[in-house]
Amino acid sequence: MTWRNLSIVRKLGLLLAFNTLLAVLAIALVFSVGSAYSRYHDTRAQLLALAAVVGENSRAALAFDDPESARQTLSALAAKEEIDTVRLLDAQGALFAQVEFPRLDHDGDLLERLVQAALPATLAVQQVMTDGGQIVGRIELSAHLLHIWLDVLAGQAAMVLLGVVLAALAVHFGMRLRRIVTDPILALAQVTHRVSREQDYAIRATKAHNDEIGTLVDHFNHMLAEIQTRDNALRRERLFLEQRTVDMQLARDEAERASRVKSEFISTVSHELRTPLTAISGALGLIAGGAVGPLSPQALEMVAIAKKNGQRLSYLINDLLDMEGLMAGKLHFDMRALELMPLLEQSLVENQAYAEQHKVRYAIGPRIDGVRVWVDAQRLQQVLANLLSNAAKFSPEGSSVEVAVRRRGEMVRVEVRDQGPGIPASFQDRIFQKFSQADASDTRQKGGTGLGLAISRGLIERMGGSIGFESQEGQGSCFFFELPVWHPQLQSHLLEQRVSAVRPSTPRVLHVEDDEDTHQVVCAMAGDRIDLEHATNLREARARVAREHFDAVILDLTLPNESGWSLLPAIHEHQPGARVVVLTGGDEVPGDGQWVDAVLRKSSVSPRQLLDAITPPDTRSAPEGHTP
């Protein structure tokens, strides 16, 4: 086990032991060196002092030339065990007397031999004897130092032993610290692991002491309390959001169901009302024209009132049907490249009677001849009729309604400007909403359904343009729409797309759709990347599926008299390798989901999604400039 993997307790104990042992050894070393140095110098000083005393005592023997007396004096140093030899020299340096003290000779143990080999074994000192400034002799002493070194080593050994004992005590006390330091930390770690595993923020750590670890435990418990509070709040918010999601889903489903019921009701009622209303209006026209004989003035007035209100009801039905068709995406558009100015002039002529009824006149201001736009002539006339009739209806008698055409880059703008009271600022942001009118009294004074501008905006946007207005109260209003200018090269490009030969690798796709506009939109999405065939009903689709080969089938569900799901068995039988893509306006879920490869919504499908749904995954290629 490496040092990094040791527990904190062991690391702490070992560090304490090592530091203690190191400190004791350092102290022992310093003490031993100091003690040895002190003993050495003390011994030298003692030897010098003894030499001085012996020299004074030997002065007479040296003066009377009595070597025997000198040896007796020197023998007095035998009591000093460390002294080995004493020599007395005369003034000329000749040996006068010498005494050697024989000591018990033994080889000594290994330690003594090592000490003698490593350290100086003897110490020699000398003391000069003088008389009146003249040197009369010299004392030389020689002592051995082994006992000094052995005493020092004994002290050092005692210090080492003390260090070992202290290190052992340090390890012992380090282990004892586990209950104070490590155990609370390990308990805190266990609580952390339990909280993480159980996701229960109500768990708390137990505080053992009021030290730093106790403070850490307090902060940890406070953090858990904060997390618990936030977690409870998040749980409540999640439950609330889940309930709101369920409620919104139910509300959305109910709204969609109500919208479908409303659309079906409006469509059914409008269709059912149109036929008898046409008969009523025709009969009233015949009566007013005298086909059944002359009528009294009062009867003619009543017939005129009935006919007028019949026309208003007819306009309302037509507006409802147009609005419903726009919302459902089923309104038919016959798009063509047409010159704009003749369409405007025709609209002015057709709405002249309405201008005369309100005693205003239409006038064309700036015009641009030769400009062509890609529009449905009938739908554009419908927009112009709405704008012109509104301008005439709200203009004062004797005033004029100006129609202007202006070029704005690649767009052409048609403006219809009146001299009426203008649009209130509080109403301007709602003017294009359905059934919107500035004042409820307008319905009685001016007439109208409140759908005209909403329908006009839908028609212009479906033809690739935009519609808007400018108005200030008391200064009249200017309604305008802009359409892209049609270029001949664009027409050539579309013709090339329509008549170009299908590439051999182009997939052949059958589009089962009763709405021509939707089929044109799918054609525009597909371009020349697929060979798109069209079947408008299930009878034709079944016949073509049985006798022709298709790589894919794009299926609409709301077909006349029968659901599109009924075609799935025939596709499965005759076109087993064909992909089936349901393109629907609702949220229908297939009953035979194993036979359907994709379900796309008409309102949100993109060309890329459609092509990906038609093409098998293993044969798709990324579009140019795109990395999948």
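Every value quoted in this text rests on a predicted model; they were computed, and no experiment measured them. (Residues numbered from 1 in each chain as written. Predicted model: local features only at pLDDT ≥ 70, side-chain atom pairs only at ≥ 80, totals over all residues. Heavy atoms only, no water.)

Colleague: I keep staring at the overall build of the protein and nothing clicks. Help me out?
Modeller: When you go through the protein residue by residue, the secondary structure sums to 18 helices and 18 strands. Taken over 628 residues, the protein has a buried fraction of 34%. Within the protein, contacts between residues at least 6 apart in sequence are counted, and of these 65% link residues at least 24 apart. As presented, the protein carries roughly 37,400 Å² of accessible surface, and 56% of it is formed by carbon and sulfur atoms. (Helix = DSSP H or I, 4+ residues; strand = E, 2+ residues; numbered from the N terminus. Buried < 20%, exposed > 50% of the residue type's maximum accessible area, 1.4 Å probe, protein only. Contact = heavy atoms within 4.5 Å. Areas by Shrake-Rupley, 256 points an atom, 1.4 Å probe, with all protein chains shown as cover.)

Colleague: In this structure, what is going on with helix H9 (residues 340–350)? I would like to understand it.
Modeller: Note: α-helices contain 3.6 residues per turn, so residues at a spacing of three or four share the same orientation. If you check which residues of H9 are buried, you get Leu340, Met341, Leu343, Leu344, Ser347 and Leu348. Along the axis of H9, the buried residues cluster in a sector spanning 160°; they form a single face. (Arc of directions from axis to C-beta.)

Colleague: Help me understand the sheet that holds strand E13 (residues 531–535) in this model?
Modeller: Within a beta sheet, neighbouring strands are joined by backbone hydrogen bonds and run either parallel or antiparallel to one another. Spatially, the 5 strands line up as an open sheet ordered E13-E12-E14-E17-E18, and their pairing is parallel. Edge positions in the sheet fall to E13 and strand E18 (598–601), since each has one partner strand and no second. Going across the sheet, the axis of each strand differs from the next one's by a mean of 20°, ignoring polarity. In this sheet, E13 lies alongside strand E12 (residues 508–512) in parallel orientation, the contact comprising 5 bridges. Its bridge partner being in E13, Val512 is matched across the sheet by Ala535. On top of the sheet, helix H18 (residues 607–614) reaches E12, strand E14 (552–555), strand E17 (579–584) and E18; it is set at about 150° to E17, its chief contact. (Pairing = 2+ DSSP bridges. Axes fitted to C-alpha atoms, helices over the stretch in contact; angles between N-to-C directions.)

Colleague: Looking at this model, I keep getting lost on the packing of aromatic side chains. Mind explaining?
Modeller: How two aromatic rings sit relative to each other is set out by the distance from centre to centre and by the angle between their planes. Counting across every chain of the model gives 3 aromatic pairs. Ring centres of Trp374 and Trp486 lie 4.7 Å apart, and the angle between their planes is 15°; this geometry places the pair in the stacked category. One end of the pair, Trp374, is in strand E7 (residues 372–375); the other, Trp486, is in the loop between strand E11 (477–484) and helix H14 (488–499), with 112 residues separating them in the sequence. When its relative accessible area of 28% is taken as the criterion, Trp374 is described as partly exposed. Among the aromatic residues, those joined into a ring-pair cluster are Phe432, Phe469 and Phe479. Its guanidinium or amino end placed over the ring of Phe480, Arg413 lies 3.8 Å from that ring's centre, counting from NZ or CZ. (Phe/Tyr/Trp six-rings, centres within 6.5 Å; stacked < 30°, edge-to-face > 60°. Lys NZ or Arg CZ within 6 Å of the ring centre and 35° of its normal.)

Colleague: Any chance you could explain the sheet that holds strand E3 (residues 122–131) here in plain terms?
Modeller: Spatially, E2-E1-E4-E3 is the arrangement adopted by the 4 strands of the open sheet, whose pairing is antiparallel. Bordering the open sheet on either side are strand E2 (95–100) and E3, each of which pairs with just one other strand. Each neighbouring strand pair of the sheet contributes to a mean axis angle of 15°, computed without reference to strand direction. Bridge analysis of E3 against strand E4 (residues 134–144) gives 10 bridges, and the strand direction is antiparallel. Residue pairing across strands places Gln126 opposite Glu140, the latter belonging to E4.

Colleague: Can you walk me through the environment of Ile530 in this structure?
Modeller: For Ile530, the position within the fold is in the loop between helix H15 (516–526) and E13. On the accessibility criterion, Ile530 (8% relative accessible area) is buried. As for Ile530 and Ile614, which are separated by 84 residues in sequence, their C-alpha atoms are 9.2 Å apart. Setting aside residues up to four positions removed in sequence, Ile530 forms contacts with Thr506, Pro507, Val509, Leu611 and Ile614.

Colleague: Help me understand the side chain of Ser389, please; the structure alone is not making it clear to me.
Modeller: Within the secondary structure, Ser389 is located in helix H11 (residues 377–393). Of the polar contacts made by the side chain of Ser389, one reaches the backbone oxygen of Ala385; its length is 2.8 Å. (Polar contact = N/O pair within 3.5 Å; in protein donor to acceptor, adjacent residues only side chain to side chain.)

Colleague: Mind showing me how you'd approach the packing of H9 against H11 here?
Modeller: Between H9 and H11, whose axes approach to 10 Å, the crossing angle comes to 50°. As far as their axial angle goes, H11 and H9 are oblique. Crossing of H9 against H11: the hand is right-handed. From H9, Leu340, Leu343, Leu344, Gln346, Ser347, Leu348 and Glu350 reach across to H11, where they touch Ala377, Leu380, Gln381, Leu384, Ala385 and Leu388. When the residues that make up the contact of H9 with H11 are grouped by side-chain class, the tally is 9 nonpolar, 3 polar and 1 charged. (Parallel < 35°, antiparallel > 145°, perpendicular 65-115°, else oblique. Left-handed = near helix turned anticlockwise from the far one by under 90°. Nonpolar A, V, L, I, M, F, W, Y, C, P; charged D, E, K, R; others polar.)

Colleague: Explanation requested: the packing of H11 against helix H13 (residues 452–462) in the structure shown.
Modeller: For any two helices packed against each other, the geometry is given by the interaxial angle and the distance between the axes. Packing of H11 against H13 leaves a shortest axis separation of 9 Å and a crossing angle of 145°. Every pair of crossing elements has a handedness; the one defined by H11 and H13 is left-handed. Listed contacts from H13 to Arg379, Leu380, Gln382, Val383, Asn386, Leu387 and Asn390 of H11 are Gly452, Leu453, Ile455, Ser456, Leu459 and Ile460. Its residues assigned to classes, the contact of H11 with H13 comprises 7 nonpolar, 5 polar and 1 charged.

Colleague: Looking at this model, I keep getting lost on a nonpolar patch on the surface. Mind explaining?
Modeller: On the surface, a cluster of nonpolar side chains totalling about 540 Å² of accessible area is made up of Leu161, Leu162, Val165, Leu166, Leu169 and Phe173. Note on placement: Leu169 falls in helix H5 (residues 146–176). (Patch = residues over 30% accessible without salt bridge, like charges linked within 9 Å, V, L, I, M, F, W, Y side chains within 5 Å. Salt bridge = Lys/Arg side-chain N within 4 Å of Asp/Glu carboxyl O.)

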